[in-house]
Amino acid sequence: MTTKVLPKDFLWGFATAAYQIEGAPEADGRGPSIWDKFCAIPGKIADGSSGAVACDSYHRTGEDIALLKETGAKAYRFSIAWSRIIPLGGRDDPVNPAGIAFYKTFVDDLLKEGIVPMVTLFHWDLPQELDERYGGLLNKEEFVKDFANYAKVMFEALPKVKHWITFNEPWCSSILGYNTGLFAPGHTIDRKKSPVGDSSKECWIVGHNFLLAHGTAVKIYREEFKPKNGGEIGITLNGDAVYPWDTEDPLDVEAAERKLEFSIAWFADPIYHGRYPASMTAQLGSRLPSWTPEEIALVQGSNDFYGMNTYTANYIKHKTGTPPADDFLGNLETLFENKAGECIGPETQSFWLRPNPQGFRNLLNWISKRYNQPKIYVTENGTSLKGENDLPLEQIVDDEFRAEYYRGYVGALAKAVGEDGVNVRAYMAWSLMDNFEWAEGYETRFGVTFVDYEGGQKRYLKKSAKVVGPLFDSYTKKE
Ligand code: GBH
């Protein structure tokens, strides 16, 4: 059997996000985002840091493109900072030409080097003004209209972009932003952590609003831009693989399925099937917003591709009894050991992440089956490495653990395509370079490039940067 299983035009490359790499929060008229505000609250970010400088990519686009060239990447997924484009965010607020010019030039520069841009419109950095003005993501009427306006401004500004992603991981903005409060804007029911928030309700409202905003932007793109520009648009959802804690216990088997429904199907079922999953309706009742016919008509069928972010796997153990009102997992526990005491994978720097390539293959199959074989773009996949930040440079750049992660995961992808028939057409490794890892600050590194934050943001390619390209080369058909 041939190992050349990926189509010739398979897109592979690396991903980043605006707030994690750009820095320059006040340059050229950028307005503040909810992450600028959140980082300034003591105790929210592990090392007390923020994205104020990060990788300084706003001033180093040339260096970043050179890095991409060195890796041989065919594509680059990056996100746009809404508050650079419309500093106050709203549809009646002024558009900032300097913000537009920055991304326009960047896209042109990428294309000049033969690198395909894949653009995320929203990677969590809502303009701060919208949060203050009307409650931001919680306000269905206003948020949907303002996002649609911003999306349209970008579609108009960047006609050469052919791959658009509306939202990155709405699960994270909804649950971490409005239930646990770990991410901006930090709402949670726990009054020790936040003066505002109702974890039993707000996250589900925000999730609903994301879907509507996505559907609305897609409608605009399809009606006004796709006919002339010929591009495509989708949403990126996060979700990790599952195994029942006890494969003999039907309740664990069911719980494992429920975990996927509460993370992935929450968003993907409305988009592909026109409804929320039954398990969520059953547990959440009227706390889960219901769809009006007009709303669901916007959302159903609104993906040209399925954007998939995935990193790890969990053993799932069911819980008994009525779940608490703030439960968002689906009345279950996520574990790294199963009943037999087997461990799912080696430790990394991220407490939530342990590599498990077989899980990736399983999850690709699950998505493919549940959503009738959509075209899948893996828009993020990667790992941190235990203790990496404390190593000397010569050991950091020799990141065999990360290289092995990519061998395992890309190998699993090739099997899913070649042996299981899953339709995967792109893969973006997370991340092109070490960057601001949100609530973890800079201690956790995900880059295939080391960024020397103390040494003027200089970049050094790690071993893993040189492994991804040859891997895809080995799996991709030449014609
Ligand atoms: C991605 O999310 C992000 O898109 C990217 O910006 C980020 O840098 C990258 O991961 C690496 O972290 O137990 O409440 O802390 C991945 C999905 C879901 C992974 C939430 C971390 C932590 C949940 N993330 N999860 S919590």
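Located above this text is the structure these notes cover.
In this text the structure is predicted, and so the values were computed from the model without any measurement.

A. The arrangement of the nonpolar core in detail. Counting residues in hydrophobic clusters, the biggest one holds 160 residues, and the most contacted among them are W35, Y76, F143, F147, W164 and W204. Counting residues per element, this core draws most heavily on helix 9 (residues 202–229), at twelve residues. Here W164 is in contact with V119, L121, M154, F155, L158, Y221, E232, I233, G234 and F305, once residues within four sequence places are set aside.

B. The sheet that holds strand 7 (residues 306–309), seen in detail. Spatially, 1-2-3-4-5-7-10-11 is the arrangement adopted by the eight strands of the closed barrel, whose pairing is parallel. Averaged over all neighbouring strand pairs, the angle between strand axes comes to 25°, with direction disregarded. Running over the sheet, helix 15 (residues 400–418) touches strand 10 (376–380) and strand 11 (424–430) and is turned about 170° from strand 11.

C. Broad picture of the pattern of salt bridges. For the structure shown, the criterion picks out 39 salt bridges. The partner of D56 in a salt bridge is R60, and the shortest N-O contact between them spans 2.9 Å. Each member of the pair D56 and R60 is classed as buried. For D434, the salt bridge goes to K462, with nearest N and O atoms at 2.9 Å. Here D434, found in the loop between strand 11 and strand 12 (449–452), pairs with K462, found in the loop between strand 13 (458–461) and helix 16 (465–475); they are 28 residues apart in sequence, far enough to count as distant. K462 gets classed as buried once you look at its relative accessible area, which sits at 0%. A single salt-bridge network, built from bridges that share partners, covers E388, D399, R402, D434, R445 and K462.

D. Local environment of the sheet that holds strand 6 (residues 241–244). Pairing within the open sheet is mixed, and its three strands lie in the order 6-8-9. At either end of the open sheet lies a strand with only one pairing partner, and these are strand 6 and strand 9 (332–335). Each adjacent strand pair in this sheet contributes to an overall mean axis angle of 35°, direction not counted. Bridge count for strand 8 (residues 313–318) against strand 9 is four bridges, and the pairing is antiparallel. When the sheet's bridge partners are listed, K317 is paired in strand 9 with E333. The sheet strands contacting helix 10 (residues 250–273) are strand 6, strand 8 and strand 9, and the helix crosses strand 8 at an angle near 125°.

Cut-offs applied
- By convention here, each chain's residues receive numbers from 1 onward along its written sequence.
- Note on the predicted model: pLDDT of at least 70 is required for a residue's local features to be given, and 80 or more for side-chain atom pairs to be given and counted; whole-chain, interface and lining totals, by contrast, use all residues.
- The side-chain figures draw on all heavy atoms in the structure; neither hydrogens nor water molecules are used.
- We define a nonpolar core as any set of buried Ala, Val, Leu, Ile, Met, Phe, Trp, Tyr and Cys residues linked to one another through side-chain atoms lying within 4.5 Å.
- Between buried and exposed lies partly exposed: a residue is buried under 20% and exposed over 50% of the maximum accessible area for its type, with that area taken using a 1.4 Å probe on protein chains only.
- Helix numbers and strand numbers start at the N terminus; a helix is a DSSP run of H or I with at least 4 residues, a strand a run of E with at least 2.
- Contacts are assigned to residue pairs that have any heavy atoms within 4.5 Å of one another.
- Two strands make a pair as long as DSSP finds a minimum of two bridges between them.
- Each axis is a line fitted through C-alpha atoms, and for a helix only the stretch in contact is used; angles between axes span 0 to 180 degrees, taken between their N-to-C directions.
- Between Lys or Arg on one side and Asp or Glu on the other, a salt bridge is scored when a side-chain nitrogen of the former is within 4 Å of a carboxyl oxygen of the latter.

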